[in-house]
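# Descriptive analysis of the structure
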Amino acid sequence: MIRLLNTRNTPTNCTDAVTARPVVSARRRSGAARAPAGARAQRAAERRDAILAAALDEFAAEGFAAARLDDVAKRAGVAKGTIYLYFADKETLFQELIRTQLSPVVGGVIHASHADIPLKVFAGQLLEVFVREVLGTRRKDVIRLMITEGQRFPKLAEFYFHEVIAPVMEAVRALMRRALERGELKDDALIRHPQLLAAPGIMSIVWGGLFERFEPLDVRSLMRAHFEIMFGNENA
C-alpha cells in the first residue's frame, strides 16, 4: 500500500536499583539542565515550521518571483533576519518547501514500487493517494508553483526534478517492467514514458487553478477513465 513515510523518535528509559536515590537526583539535575535546551530546540522548530507555512502562503498568493521575504516574515510573525537563521535565501526556502511537502509522497510511491503487487492495485492506490494527499492538501500548491514558475527559475526546476520527478519515474519504471513480465501490459510504452501515468494528475492541478469555478472536475473519475484507456477494464 502507498503510505506517506515518516520517522518517529522513541524515548528509552532505564533504571538503577542499586543506587536509586543518587541516580534519580542526578537525573533531576541533568533534566533541569536539559530543559532549557529542549525548550529552545522546540521553539526553533516551531519558528521554522511557521516560516515554511508562511512562505507557502506567500508564494501561493504572489508567485515565487514576486514574493518577498519581508512579507513571509510578517506572515510568520518573525523578524526578516530570523528567516536567514534557517534558510540562506528565498530559493533555499522554496527548496525546503518542496522537500518537506512532497518527500513523504515520493517515499510512499518508492516503497510501494518495491512490492510485488498487481498493476490494478497500484493504480488504485496511486489514485487515492493523489486525491487525498496531494489535491486534498497544500501539496497541490507547491506543484502548481513549479508548473507556473519553474521555467523562469531553472535551478528550482532542476532541484524539483531530482528531488521528486526522477525518483518517482525510476520507481514507476521498475513496477511497469514487472507488470510487463507478468503480461499485464501489452508493450513497454509506460516503461519508456512513465509520465503518462501522471498526466491526469498534472492536468487536474492545472484545471483546478484555472477552470474549476466554471466546471468542477471529478478527479477520481478522470483518473479511473485514464487507467482504463491505458490498461483496459480489467486492470483499471
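We now turn to the structure provided with this report. (Residues numbered from 1 in each chain as written. Predicted model: local features only at pLDDT ≥ 70, side-chain atom pairs only at ≥ 80, totals over all residues. Heavy atoms only, no water.)

## Regarding the packing of aromatic side chains
Within this structure, the stated rule accounts for 7 aromatic pairs. Relative to Phe94, the ring of Phe59 lies with its centre 5.5 Å away and its plane at 70°, an arrangement referred to as edge-to-face. Of this pair, Phe59 sits in helix H1 (residues 20-62) while Phe94 sits in helix H4 (residues 90-113); the two residues are 35 residues apart in sequence, bridging distant segments of the chain. The same class applies to Phe59 and to Phe94, which are both buried. With 6.4 Å between their ring centres and 40° between their planes, Tyr86 and Phe87 make a pair best called tilted. Note on Tyr86: relative accessible area 23%, which makes it partly exposed. (Phe/Tyr/Trp six-rings, centres within 6.5 Å; stacked < 30°, edge-to-face > 60°. Helix = DSSP H or I, 4+ residues; strand = E, 2+ residues; numbered from the N terminus. Buried < 20%, exposed > 50% of the residue type's maximum accessible area, 1.4 Å probe, protein only.)

## Details of the pattern of salt bridges
Throughout the structure, instances matching the rule amount to 16 salt bridges. Measuring nitrogen to oxygen at the nearest pair gives 3.0 Å for the salt bridge that ties Glu128 to Arg220. Taken as a pair, Glu128 in helix H5 (residues 119-135) and Arg220 in helix H10 (residues 219-231) lie far apart in primary sequence, 92 residues in all. Look at Arg220 and you get partly exposed, because its relative accessible area is 32%. By sharing partners, the salt bridges in this structure join Arg48, Glu96, Arg99 and Glu163 into a single network. (Salt bridge = Lys/Arg side-chain N within 4 Å of Asp/Glu carboxyl O.)

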